[in-house]
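# Reading the structure
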Amino acid sequence: MDIVIESLLDGARRARGHVAIIDVFRAFTTAAVALAKGASEVVMVGSADEALALRAQGRVQLCMGEIGGRAPPGFDFGNSPYEVSAADLAGCAIAQRTGAGTQGIVAAAQATRLYAASLVTASATARALVRGTPAAVTLVAMGNNAVVRTDEDEICALHLRNLIEGRPGHVEGARQMILASREASYFGDPTRPHLPRADLDIALDIDRYDFAIRVELDDGYPVGRAERAQ
Ligand SMILES: O=C(O)[C@H](CS(=O)(=O)O)OP(=O)(O)O
């Protein structure tokens with residue numbers, strides 16, 4: 001099996017085989033929390049207008065995500081796992097728009113199987129990626145706004161590769177490397193109130209959940225749902 005690590009939007013466009021689009025801060029940590037809180041599905045879109053239109057049509061009940069890190073006007077939630085962790089989402093379908101993660105999902109049109117990945121679902125995602133013994137697995141680190149590479153997504157890709165190749169990786173080592181990064185330092189900064197420290201704590205709770213987020217097309221929209229091992 002060929003395992004390729006890619007980055008950013010062009011990496012998502014090139015990705016082949018079974019693909020993990022990685023966004024630790026914060027899109028797919030937030031999506032995982034939403035699914036764990038009972039959301040039925042997360043419809044991943046490229047624009048805030050698409051998310052709002054899906055809610056207006058009744059296709060989803062809630063909108064979450066960000067532009068410039070903050071909830072767009074009319075959204076129910078920002079892109080904060082901590083904020084979402086306090087909500088009752090039982091049975092809700094949610095539309096999500098973010099600057100990196102959901103853009104990568106939309107761009108990954110060549111994937112034969114697609115996952116939205118972060119560290120909270122790392123082991124479950126690694127197991128899911130190898131099911132069906134694909135010829136190729138591509139791990140795409142989405143970075144900031146899908147244009148600047150970031151430590152947390154690149155380290156998540158390396159951790160996933162270790163797991164896929166049968167090594168345990170180093171959970172605490174990965175955590176500490178990310179905590180030392182520029183992006184981690186933004187959380188809890190009083191000048192960035194949209195980035196609570198609790199978001200960082202949740203995002204680095206590696207293997208918090210025992211499901212992967214499988215993304216499949218539904219009426220042309222990529223829809224993420226929890227996928228547990230059989
Ligand atoms: O809200 C976030 O943490 C980021 C901001 S940016 O778009 O990467 O600049 O969004 P995400 O898509 O979750 O990386």
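For the structure, check the block above.
Residues numbered from 1 in each chain as written. Predicted model: local features only at pLDDT ≥ 70, side-chain atom pairs only at ≥ 80, totals over all residues. Heavy atoms only, no water.

### Focus: the sheet that holds strand β2 (residues 17-22)
- One open sheet accounts for nine strands, arranged β1-β7-β2-β6-β8-β9-β3-β5-β4; its pairing is mixed. The two strands at the open ends of the sheet, each matched to only one other strand, are β1 (2-7) and β4 (62-65). Going from strand to strand, the sheet's axes swing by 30° on average, the running direction of each strand aside.
- Note: β2 against strand β6 (residues 111-117), six bridges, orientation parallel. Its bridge partner lying in β6, isoleucine 22 is registered against alanine 117.
- The strands touched by helix α6 (residues 122-130) are β2, β6, β7 (136-141), β8 (212-218) and β9 (221-227); relative to β6, the strand with the most contacts, the crossing angle is about 175°. (Pairing = 2+ DSSP bridges. Helix = DSSP H or I, 4+ residues; strand = E, 2+ residues; numbered from the N terminus. Axes fitted to C-alpha atoms, helices over the stretch in contact; angles between N-to-C directions. Contact = heavy atoms within 4.5 Å.)

### A closer look at the packing of α6 against helix α7 (residues 151-164)
- Contact pair α6 / α7: the axes reach a minimum separation of 9 Å and the direction vectors enclose 55°. In terms of axis orientation, α6 runs oblique to α7. Viewed along their axes, α6 and α7 form a crossing whose handedness is right-handed. For the pair formed by α6 and α7, the contact residues are Ala122, Ser123, Thr125, Ala126, Leu129 and Val130 on the first element and His159, Leu160, Leu163 and Ile164 on the second. (Parallel < 35°, antiparallel > 145°, perpendicular 65-115°, else oblique. Left-handed = near helix turned anticlockwise from the far one by under 90°.)

### Some points on the packing of aromatic side chains
- Counted according to the given criterion, the structure contains two aromatic pairs.
- On the numbers, 5.4 Å between centres and 20° between planes, the contact of tyrosine 209 with phenylalanine 211 is stacked. You'll find tyrosine 209 and phenylalanine 211 in the same group, each marked buried.
- One residue, arginine 192, lies across the ring of tyrosine 186, its end atom 3.8 Å from the ring centre. (Phe/Tyr/Trp six-rings, centres within 6.5 Å; stacked < 30°, edge-to-face > 60°. Buried < 20%, exposed > 50% of the residue type's maximum accessible area, 1.4 Å probe, protein only. Lys NZ or Arg CZ within 6 Å of the ring centre and 35° of its normal.)

### Section: the site of the ligand
- Close to the ligand lie 13 residues, the nearest being Asp23, Ala27, Asn79, Thr98 and Ala100.
- Within the backbone of phenylalanine 25, a nitrogen or oxygen atom sits 3.0 Å from an oxygen atom of the ligand.
- Within the complex, 90% of the 350 Å² of free accessible area of the ligand lies under protein.
- Here the ligand is seated within the largest pocket.
- Of the residues that constitute the shell around the ligand, the class distribution is three nonpolar, seven polar and three charged. (Near = heavy atom within 4 Å. Polar contact = N/O pair within 3.5 Å; in protein donor to acceptor, adjacent residues only side chain to side chain. Areas by Shrake-Rupley, 256 points an atom, 1.4 Å probe, with all protein chains shown as cover. 1 Å grid on protein atoms, 1.4 Å probe; cavity = no way out; pocket = protein on both sides within 12 Å on 5 of 7 lines; lining within 4 Å. Sits in = over half its atoms within 2 Å of the grid points. Nonpolar A, V, L, I, M, F, W, Y, C, P; charged D, E, K, R; others polar.)

### Examining the pattern of salt bridges
- A full pass over the atoms with the stated rule returns 19 salt bridges.
- Across the salt bridge formed by aspartate 199 and arginine 26, the nearest N and O atoms sit 2.9 Å from each other. Placement of aspartate 199 in helix α10 (residues 197-203) and of arginine 26 in the loop between β2 and α2 (27-36) is noted, with a sequence separation of 173 residues between them.
- With a closest N to O distance of 3.8 Å, aspartate 218 and arginine 59 form a salt bridge. Here arginine 59 lies in the loop between α3 (48-57) and β4 and aspartate 218 lies in strand β8, a separation of 159 residues in the sequence. (Salt bridge = Lys/Arg side-chain N within 4 Å of Asp/Glu carboxyl O.)

### Some details on the layout of surface pockets
- Here the largest pocket is characterised by a volume of approximately 440 Å³.
- Taken together, 24 residues make up the lining of the largest pocket; nearest its centre are Phe25, Glu66, Gly69, Asn144 and Leu195.
- Residues belonging to the lining of the largest pocket are distributed by class as follows: seven nonpolar, ten polar and seven charged.
- Approximately 310 Å³ is the volume found for the second largest pocket.
- Together, 19 residues line the second largest pocket, and Ile105, Ala108, Leu114, Leu217 and Pro222 are the ones closest to its centre.
- Listed by contribution, the elements that provide at least two residues to the lining of the second largest pocket are β3 (41-45), α5 (101-107), β6, β8 and β9.
- Considered class by class, the residues forming the lining of the second largest pocket number twelve nonpolar, three polar and four charged. (Points joined across faces, edges and corners; volume = space filled by probe spheres on them.)

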